[in-house]
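What follows is the residue order along each chain.
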Amino acid sequence: ELKVEQNPLFLSMQEGKNYTIYCNYSTTSDRLYWYRQDPGKSLESLFVLLSNGAVKQEGRLMASLDTKARLSTLHITAAVHDLSATYFCAVVFQGAQKLVFGQGTRLTINP
Amino acid sequence: DVKVTQSSRYLVKRTGEKVFLECVQDMDHENMFWYRQDPGLGLRLIYFSYDVKMKEKGDIPEGYSVSREKKERFSLILESASTNQTSMYLCASSLLDGLDYGYTFGSGTRLTVV
């Protein structure tokens, strides 16, 4: 079964702290995406990770991929309120052209 | 920038009605997708299409059909709407090989079936 699991599903943190969201997937993947969704809005692409050991950074967000462990992480450094949103990881499994999504992590950053 | 446009942001329909959700993209993408989004379940794929007049079932196709008569337009059809189809519906498109470009999503249609 093609499955993508995120944890935690809910995360409340204070500004200035660091935290990590985890994304596990069930079988070999061609590529992995991270998306952000603000309330009532559509999904905004953050990162695409294509190979083992890939690391991408944008501002306070850094994403990495370990294909052997079938794990991606999204690390938040010194969180600010503007990063409050729901974050999704999504996987394209080998041989497929469709995205399979995790459940999403709702991140709330408190002043 | 690729634009994916969904015709309605909000829709309210009655049980048993036939409902059409329209999606148009302007960058000549081969792939188009329909997802529904429900709290705690993430996004689930309903149908997708690789090309004009081609369609493939996703993970939850029951109660839905699709139409792709032109490359830029992908329609989702609820033949007889039911209350359990109340949801947010998201359309997306991508190049045939979306390796570096990812998937672009529309702004979503929130459908309520009463």
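Parameters at a glance
Residues numbered from 1 in each chain as written. Chains lettered and ligands numbered in written order. Predicted model: local features only at pLDDT ≥ 70, side-chain atom pairs only at ≥ 80, totals over all residues. Heavy atoms only, no water. Core = buried A, V, L, I, M, F, W, Y, C linked by side-chain atoms within 4.5 Å. Buried < 20%, exposed > 50% of the residue type's maximum accessible area, 1.4 Å probe, protein only. Helix = DSSP H or I, 4+ residues; strand = E, 2+ residues; numbered from the N terminus. Contact = heavy atoms within 4.5 Å. Salt bridge = Lys/Arg side-chain N within 4 Å of Asp/Glu carboxyl O. Nonpolar A, V, L, I, M, F, W, Y, C, P; charged D, E, K, R; others polar. pLDDT = per-residue confidence, 0-100. Disulfide = S-S within 2.5 Å.

Enquirer: Could you clarify how one ought to interpret the nonpolar core in this entry?
Expert: Considering soluble globular proteins, one finds that nonpolar side chains tend to be buried as a cluster. Of all hydrophobic cores here, the largest spans 26 residues; its most connected members are Val4(A), Leu32(A), Trp34(A), Leu74(A) and Tyr87(A). The set of elements that each furnish at least two residues to this core consists of β2 (10–14), β3 (19–25), β4 (29–37), β5 (43–49), β7 (61–66), β8 (71–76), β9 (85–93) and β11 (105–110) of chain A. Membership of the second largest hydrophobic core comes to 20 residues, among which are Ile46(B), Val66(B), Leu76(B) and Leu111(B).

Enquirer: Explain the interface of chain B and chain A here, please?
Expert: Much of the literature gives interface size as the accessible area that the parts lose upon coming together. Residue-level contacts link 24 residues of chain B with 17 residues of chain A. Linking chain B to chain A there are 1 salt bridge. Of all elements in the fold, only β4 (31–38) and β5 (42–49) of chain B reach the threshold of two or more residues within the side of chain B that touches chain A. Considering only residue class, the side of chain B that touches chain A consists of 12 nonpolar, 8 polar and 4 charged.

Enquirer: Just to check I follow, could you spell out the pattern of salt bridges for this structure?
Expert: Close approach of charged atoms allows side chains with opposite charge to pair. On inspection of all chains with the given rule, the structure shows 9 salt bridges over all chains. Measuring nitrogen to oxygen at the nearest pair gives 3.9 Å for the salt bridge that ties Asp59(B) to Lys98(A). Linking Asp59(B) in the loop between β6 (56–57) and β7 (64–70) with Lys98(A) in the loop between β9 and β10 (99–101), this pair reaches from one chain into another. Residue classification places Lys98(A) among the buried residues on the basis of a relative accessible area of 16%. A salt bridge links Glu69(B) to Lys53(B); the nearest nitrogen and oxygen atoms lie 2.5 Å apart. Pair noted here: Glu69(B) is in strand β7 and Lys53(B) is in the loop between β5 and β6, with a separation of 16 residues, a long-range link. With respect to class, Glu69(B) is no different from Lys53(B); both count as exposed.

Enquirer: Can you help me understand the confidence of the model for chain A in this one?
Expert: Parts of the prediction with low pLDDT should not have their coordinates interpreted in detail. Of all residues in chain A, 100% have pLDDT values of 70 or greater, and the mean over the chain is 92. When pLDDT is averaged over each element of chain A, β8(A) comes out on top at 97 and β10(A) at the bottom at 89.

Enquirer: Sorry, what's going on with the state of the cysteines here?
Expert: What is meant by a disulfide is a covalent connection between two cysteines, made through their sulfur atoms. Counted under the stated rule, the structure contains 2 disulfides over all chains. Disulfide pairing places Cys23(A) opposite Cys89(A) at an S-S distance of 2.1 Å. An S-S torsion of about 80 degrees defines the bridge between Cys23(A) and Cys89(A) as right-handed. With Cys23(A) in strand β3 and Cys89(A) in strand β9, this pair connects stretches of sequence that are 66 residues apart. Neither Cys23(A) nor Cys89(A) differs from the other in exposure class; each is buried. Here Cys23(B) engages in a disulfide with Cys91(B); their sulfurs sit 1.9 Å apart. Looking along the S-S bond of the Cys23(B)-Cys91(B) disulfide, the torsion reads about -75 degrees, which is the left-handed sense. In this pair, Cys23(B) sits in strand β3 (residues 19–25) while Cys91(B) sits in strand β9 (residues 87–94), placing the two residues 68 residues apart along the sequence. Neither residue differs from the other here; Cys23(B) and Cys91(B) are each classed as buried.

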